[in-house]
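Per-entry structural report
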Amino acid sequence: MTTYIFRRILLLVPTLFGITLLTFMLIRLSPGNAALLKGGGGQAGGRAMTAEVREQMIKLYGLDKPPLVAYADWIGRSVRLDLGESIVDHRAVTAKIGERLPLTISLAGSALILSYLIAIPLGIAAALKRGQIVDRTISFVVFVLYSIPTFAAALFLILLVAGGDYLNLLPMYGANSINAPEMGPGAWLWDRILHMILPVVCLTYASLASISRYARVSMLEALGQDYVRTARAKGLSERLVIFRHALRNALIPIITIFALELPALIGGAVIIEEIFSLPGMGQLMFQSIDSKDEPVIMGITVLAAIVTLISYLAADILYVVVDPRISYE
Amino acid sequence: MNSASDSHEIYFESYSQRIWRHFMSDAFARNGLRVIIALFVIAALAPFLANSHAIVRVADGRVTFPIFPCLEPIEWRFLLYVPLAALVYCFRARFARSPGVCFALVIALVALIEVLLAVTHPVNDPTNDRDRPALFKLMPVIPYSPIESTPDAFSSPSRKHLCGTDSTGRDIASRMIHGARTSLSIGFVAQSISLLVGVTLGGLAGYYRGWFDIGVCRFIEIIDCFPTLLLILAVVGLFPSQNNMFYIMAVIGLTSWTGLARLVRGEFLRLGSQAFPQAARALGAGDFRIIIRHLLPNALGPILVSATFGVASAILLESSLSFLGFGMQAPTPSWGDTLSDARRYIDFAWWLAFFPGVAILITLVSYNFVGEGLRDAVDPRLKVK
């Protein structure tokens, strides 16, 4: 097992290398650069910048170097944990990411936990009532929910309950009200919760389908096993059979797919953050792509890639830990 | 004796027939397929359903068909190639008998159509036939073109504008009908591209194993580390100059093949270690033949299921891109684009969000039901009933 984990960790290195190289080349090969965009050369509305200043900027950020040399520079700096500073506002990339991370983690995290808390009981109920009206209703509703695009759902929710002509119960956008800095901690938290309700709902409903489906299938599989029949044959109550024998085994695959969802905690949800104007990671990535802010794009990419690869690895290891029958020897 | 064997007639059902029967026995899947077919018909006939030009117009003692000179080449192709394909299908027996002559005929017809399309240019006629007096005229059901601005902006749904109008007075119903083309064709073509890449790479990796397999797996892992939408946003955002329909199709197709490749690789690994490919090899079949004739048909079921869901997700991606402003260029009607407009006027113009939202929802639900039905038909163990 130890050698397996060690080998997998070694394999992470070339993958990380590939990801960063691909991203870097994508940025470098695309037309225009950040200095040009910032100087008003690319987009309307930017401040005009003299050619001299632009030249200085291009030198400063190494935008004139050949892509491979610049990439080597970037690698050299980032292995010393220096991700550089943003071209747009000259702030450290780590600081920019750091101030966005809490919001994204709390948003995606609560959506993740909520969707598991709702979906697993739904899936198990569907499996226990297999083929009956309960099963079909759950499958149908969850499936239709899954087919609603998040942005359409978000627009409708805003239209119906936030700021529109109908109900005005919840705030329309932002992570806090304008007067949030003057609030006490309790009021601030309540304000934040009110602002998070709609985004969390939008992020939660869509993932119900796949999780409840997993739960249903693995519960059905567990119920068909010999040990369940044995448990019934020795006269255990149905409750004990289901909760002690079937459910525990059915949860194994669900635990592992939980690990696979962790990258969303870092990557954020671009669309939801855009619609609700939430300053999270997705929005930061979106803005950086828009302004070709190379150091920020690279910083987010490398962070997201590390978290993704480690969660994949964690899923594989968890699989062995929770189910001793499997081994990677 | 004879009657007994009659009543126990051996009924042979092929794999595809069985899948079809299972599929059609599922009401959701069946109706989903019907809705998709209906959507495709609407998309194909869009210029005849929503257009500012009359289909037939009788005036000044002349009969004219104002709609036809305005059709784009792609619309002509739709109109001409579908009947041509139907014709070939009807005369397939004749085709089998004398393939040479028939092929020559078909190629001559295709060449004729293409030459005519290359020579003629669509007329860009900004006038409309709605208010022009005529002895007799047959207008399309929705007498507005999708890019035509009318004076009444933000009119709510009424008898004049069934689904209302947007900020520049364009008719939403017309934009929905023409937007169906954008969504459906992008979903279809993008998924075909990803099918091609995914099946090829996954199949080769699963068949040859070894270093090629390791390389492909690393590559899949690299692509998978980017959330799909972010990857597409990065490509489209960084190379914005040419965002036309084919560009969007290619970007979506080339970034969403990894799941399929994983699936096909797994299937090929599983099938490759069974006895029948070995038997085929013993009979002298080469790699190519084993892959195409033996392994691929056995993996077709799961591939089809995954491709159907893939079309749904490609449509979703396209509308998400349009919604974020990275999709099709401005005048092209697209559901996501109308939704993106809706965001700005959400406090009063509910119809701007409602109709495209419902259109996307119906399409996605239908595709997902078809995919679900196919999955149950391919693997009946998981069926609800």
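Looking at the overall build of chain A
Looking only at helices and strands, chain A features 14 helices and zero strands. The secondary structure elements of chain A, listed N-terminal to C-terminal, are α-α-α-α-α-α-α-α-α-α-α-α-α-α. Per-residue burial over chain A gives 34% buried out of 329 residues. Across chain A, contacts joining residues at least 24 apart in sequence account for 69% of those joining residues at least 6 apart.

Section: the overall build of chain B
Scanning chain B from terminus to terminus reveals 16 helices and three strands. Of all 385 residues assigned to chain B, the portion counted as buried reaches 40%. Summarising the internal contacts of chain B: among those between residues at least 6 apart in sequence, 70% fall at separations of at least 24.

Remarks on the interface of chain A and chain B
When the parts of a complex come together, some accessible area is lost, and that lost area is often taken as the interface size. At the interface, 42 residues of chain A touch 37 residues of chain B. Of all elements in the fold, only α1 (2-29), α6 (133-147), α7 (150-161), α12 (270-275), α13 (281-291) and α14 (294-322) of chain A reach the threshold of two or more residues within the side of chain A that touches chain B.

Some remarks on the sheet that holds strand β1 (residues 56-59) of chain B
Residue and element names in this part refer to chain B. Taken in spatial order, the three strands of this open sheet run β2-β1-β3, and their pairing is antiparallel. The outermost strands of the open sheet, each flanked by one partner alone, are β2 (62-64) and β3 (136-138). The sheet shows a mean angle of 15 degrees between the axes of neighbouring strands, taken without regard to direction. Where β1 and β2 come together, three bridges link them in antiparallel fashion.

Some remarks on helix α8 (residues 172-208) of chain B
All names here are of chain B. Its 37 residues place the ends of α8 52 Å apart at the C-alpha level, agreeing with the 54 Å of an ideal helix rising 1.5 Å per residue. Burial analysis of α8 places 27 of its 37 residues in the buried class, the great majority of the element. Downstream of α8 by one or two residues, R209 has phi in the positive range, about 50 degrees.

Overview of helix α10 (residues 238-260) of chain A
All names here are of chain A. With 23 residues, α10 should reach 33 Å at 1.5 Å per residue; the first-to-last C-alpha distance of 32 Å fits that figure. In α10, a bend of some 45 degrees at L247 exceeds every other bend along the element. Where α10 is concerned, the buried positions are V241, I242, A246, A250 and T256.

A short note on the packing of α8(B) against helix α16 (residues 350-378) of chain B
For any two helices packed against each other, the geometry comes down to the angle between their axes and how far apart the axes lie. Residue and element names in this part refer to chain B. Put simply, α8 and α16 touch, their axes get as near as 11 Å, and they point 35 degrees apart. The chirality of how α8 crosses α16 is right-handed. In contact with I172, M176 and S183 of α8, α16 contributes W351, L352, F355, P356, A359 and T363.

Focus: the environment of A:A209
All names here are of chain A. Mapped onto the elements, A209 comes out in helix α8 (residues 185-223). In the structure, A209 is positioned 82 residues away from S291 in sequence and 36 Å away in space, judged by C-alpha atoms. Apart from the residues within four sequence positions on either side, A209 is in contact with V142, F143, L145 and Y146.

Section: the nonpolar core
A:A154, A:L155, B:I232, B:L233, B:I252 and B:A353 are the most contacted members of the largest nonpolar core, which totals 149 residues. When residues in this core are grouped by element, the largest group, 15 residues, is from helix α14 (residues 287-323) of chain B. Not counting chain neighbours up to four residues away, the residues in contact with A:L155 comprise B:L339, B:A342, B:R343, B:I346, B:A353 and B:G357.

What to know about the pairing of β1(B)
Residues and elements named next belong to chain B. By the bridge criterion, three bridges tie β1 to β3 in an arrangement that is antiparallel. The partner of V58 across the bridge, within β3, is F136. Linking β1 to β2, which pair antiparallel, is a turn of two residues; within it D60 sits at a positive phi near 55 degrees.

Section: unusual backbone geometry
A positive phi angle, near 60 degrees, is found at A:L81, a position not held by glycine. Residue A:L81 is classed as exposed on the basis of its 7 C-beta neighbours within 10 Å. Positioned with a positive phi, B:R209 is a non-glycine residue whose angle comes to about 50 degrees.

Topic: the packing of helix α12 (residues 258-272) of chain B against α14(B)
Residue and element names in this part refer to chain B. Running from N to C, α12 and α14 cross one another at 160 degrees; their axes reach a closest spacing of 10 Å. Put simply, α12 runs roughly antiparallel to α14. Crossing hand, α12 versus α14: right-handed. Along its contact with α12, which presents G259, L260, L263, V264, E267, F268, L271 and G272, the element α14 presents L295, N298, A299, P302, I303, S306 and G310. Here the residues of the contact of α12 with α14 sort into nine nonpolar, five polar and one charged.

Side note on the confidence of the model for chain B
Residue and element names in this part refer to chain B. Looking at chain B as a whole, its pLDDT mean stands at 84, while 95% of the residues score no less than 70. Per-element averaging of pLDDT across chain B places helix α1 (residues 2-7) at the bottom with 50 and α8 at the top with 92. For the stretch residues 1-5, pLDDT sits under 50, and the model shows zero contacts to residues farther than four places along the chain or on other chains. With a pTM of 0.84, the predicted complex shows an ipTM of 0.81.

Structural notes on the environment of A:D89
Mapped onto the fold, A:D89 is located in the loop between α4 (67-78) and α5 (93-128). Distance in space between the C-alpha atoms of A:D89 and A:D293 is 9.6 Å, their sequence separation being 204 residues.

Some details on the confidence of the model for chain A
Close inspection of predicted coordinates is inappropriate in any region flagged by low pLDDT. Put simply, chain A has an average pLDDT of 82, and 91% of its residues get 70 or more. This model gives residues 40-46 of chain A a pLDDT under 50, and the stretch forms twelve contacts once residues within four places in sequence are excluded.

Calculation criteria
- Residues numbered from 1 in each chain as written.
- Chains lettered and ligands numbered in written order.
- Predicted model: local features only at pLDDT ≥ 70, side-chain atom pairs only at ≥ 80, totals over all residues.
- Helix = DSSP H or I, 4+ residues; strand = E, 2+ residues; numbered from the N terminus.
- Buried ≥ 20, exposed ≤ 12 C-beta atoms within 10 Å, placed from the backbone.
- Contact = placed C-beta atoms within 7 Å.
- Pairing = 2+ DSSP bridges.
- Axes fitted to C-alpha atoms, helices over the stretch in contact; angles between N-to-C directions.
- Expected span 1.5 Å × (residues − 1).
- Bend = angle between axes of the 7 residues up to and from the residue.
- Left-handed = near helix turned anticlockwise from the far one by under 90°.
- Core = buried A, V, L, I, M, F, W, Y, C linked by C-beta atoms within 7 Å.
- Parallel < 35°, antiparallel > 145°, perpendicular 65-115°, else oblique.
- Nonpolar A, V, L, I, M, F, W, Y, C, P; charged D, E, K, R; others polar.
- pLDDT = per-residue confidence, 0-100.

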